[in-house]
Amino acid sequence: DAMVIQNPRYQVTQFGKPVTLSCSQTLNHNVMYWYQQKSSQAPKLLFHYYDKDFNNEADTPDNFQSRRPNTSFCFLDIRSPGLGDAAMYLCATSLRHGILYEQYFGPGTRLTVT
Amino acid sequence: AQSVTQLDSQVPVFEEAPVELRCNYSSSVSVYLFWYVQYPNQGLQLLLKYLSGSTLVESINGFEAEFNKSQTSFHLRKPSVHISDTAEYFCAVSTNTGNQFYFGTGTSLTVIP
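This structure is a prediction, so every number in the text was calculated from the model and none was measured.

About the criteria used
- Residues numbered from 1 in each chain as written.
- Chains lettered and ligands numbered in written order.
- Predicted model: local features only at pLDDT ≥ 70, side-chain atom pairs only at ≥ 80, totals over all residues.
- Heavy atoms only, no water.
- Patch = residues over 30% accessible without salt bridge, like charges linked within 9 Å, V, L, I, M, F, W, Y side chains within 5 Å.
- Areas by Shrake-Rupley, 256 points an atom, 1.4 Å probe, with all protein chains shown as cover.
- Salt bridge = Lys/Arg side-chain N within 4 Å of Asp/Glu carboxyl O.
- Helix = DSSP H or I, 4+ residues; strand = E, 2+ residues; numbered from the N terminus.
- Phe/Tyr/Trp six-rings, centres within 6.5 Å; stacked < 30°, edge-to-face > 60°.
- Buried < 20%, exposed > 50% of the residue type's maximum accessible area, 1.4 Å probe, protein only.
- Pairing = 2+ DSSP bridges.
- Axes fitted to C-alpha atoms, helices over the stretch in contact; angles between N-to-C directions.
- Contact = heavy atoms within 4.5 Å.

1. Describing a nonpolar patch on the surface
Argument step 1. Taken together, the side chains of Leu95(A), Leu100(A) and Tyr101(A) present a nonpolar region at the surface, about 270 Å² in accessible area.
Argument step 2. Along the chain, the position of Leu100(A) falls in the loop between strand E9 (87-94) and strand E10 (104-105).

2. Remarks on the packing of aromatic side chains
Argument step 1. Within the structure shown, the criterion is met by 14 aromatic pairs over all chains.
Argument step 2. Aromatic pair Phe47(A) and Phe54(A): ring centres 5.3 Å apart, planes at 50 degrees, arrangement tilted.
Argument step 3. Owing to a relative accessible area of 1%, Phe47(A) belongs among the buried residues under this scheme.
Argument step 4. Residues Phe105(A) and Tyr36(B) carry aromatic rings whose centres are separated by 5.7 Å and whose planes lie at 80 degrees to one another, so their mutual orientation is edge-to-face.

3. Considerations on the sheet that holds strand E8 (residues 73-78) of chain A
Residue and element names in this part refer to chain A.
Argument step 1. Within the open sheet, the four strands sit side by side as E1-E3-E8-E7. Their pairing is antiparallel. The sheet is open, and its two borders are formed by strand E1 (4-7) and strand E7 (64-67), each paired with just one other strand. Strand-to-strand, the axes of this sheet are offset by a mean angle of 20 degrees, without reference to chain direction.
Argument step 2. Pairing analysis gives four bridges linking E7 to E8, with the strands arranged antiparallel.

4. Looking at unusual backbone geometry
What is expected of a backbone is that most residues other than glycine have negative phi and most peptide bonds are trans.
Argument step 1. Omega for the peptide link from Asn7(A) to Pro8(A) comes to -15 degrees, which places this bond in the cis form.
Argument step 2. For Pro8(A), the position within the fold is in the loop between E1 and strand E2 (10-13).
Argument step 3. The residue Asn28(A) is not glycine, and still its phi comes out positive at about 60 degrees.
Argument step 4. Considering the arrangement of structural elements, one finds Asn28(A) in the loop between strand E3 (19-25) and strand E4 (31-37).
Argument step 5. Given the relative accessible area of 58%, Asn28(A) is considered exposed.
Argument step 6. Of note in the backbone geometry, Glu16(B) takes a positive phi value of approximately 75 degrees without being a glycine.
Argument step 7. Tracing the sequence through the fold places Glu16(B) in the loop between strand E2 (10-14) and strand E3 (19-21).
Argument step 8. Its relative accessible area of 60% is what places Glu16(B) among the exposed residues.

5. Structural notes on the environment of Gly43(B)
Argument step 1. Tracing the backbone shows Gly43(B) in the loop between strand E5 (31-38) and strand E6 (44-50).
Argument step 2. C-alpha of Gly43(B) to C-alpha of Cys23(B): the two residues are 20 residues apart in sequence and 21 Å apart in space.
Argument step 3. Residues within four places of Gly43(B) in sequence aside, it is in contact with Phe105(A), Gly106(A), Pro107(A), Val37(B) and Gln38(B).

6. Quick word on the pairing of strand E11 (residues 109-113) of chain A
Residue and element names in this part refer to chain A.
Argument step 1. Going residue by residue along E11, you find Thr109, Leu111 and Val113 tucked away on one face and Arg110 and Thr112 left uncovered on the opposite face.
Argument step 2. The pairing of E2 with E11 spans four bridges and is classified as parallel. Residue pairing across strands places Val12 opposite Thr112, the latter belonging to E11.
Argument step 3. Taken together, the three bridges between E9 and E11 define a ladder with antiparallel strand orientation. Within E11, the residue paired with Tyr89 across the bridge is Thr109.

Below is the structure:
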């Protein structure tokens, strides 16, 4: 089945130690998104890639970066995680960008910062 | 700016009973409305959406939602819930001037046998 895969499902990192979260998709979609979801809060869009074009949300901290080496993979890099970065990170894809195009979500990676 | 309010963080309901999950939004422009469901250990899945036309929209598993412009609401209903409906439900809004979803904080529906 075509799907969105996130690895690992659970990630523990130390305060200030760089960490990378991975997302891959078999849907061949043009757009990939990264959301941050803190406990009891709504998912918040961090950035998205439309093909190779990177689109950062205005309030996304510089500590968060992303890479998309090819259509299938997208990475979220947190350069110096703080305790406040502990959250569920959701990856999503859509065929094109826009509200008419359904977003398909992965199961998420839960990040713990110690 | 747009915002979404889900008034109930947790809703317990007995099996085969009806349920309503409430969603209100604020926006100064025309909106598009969505309900997503997240089953345990899975990603969010689109349940239903309102883009235009009939204000009552239905999903394939018996849920329905009605867009009420005057009350700025998009409540989700099901006349008879099943154990398998236990999940987190998120309401989301977008507008015709942007491509971003604004999610609510979610409602955890627990169906009790």
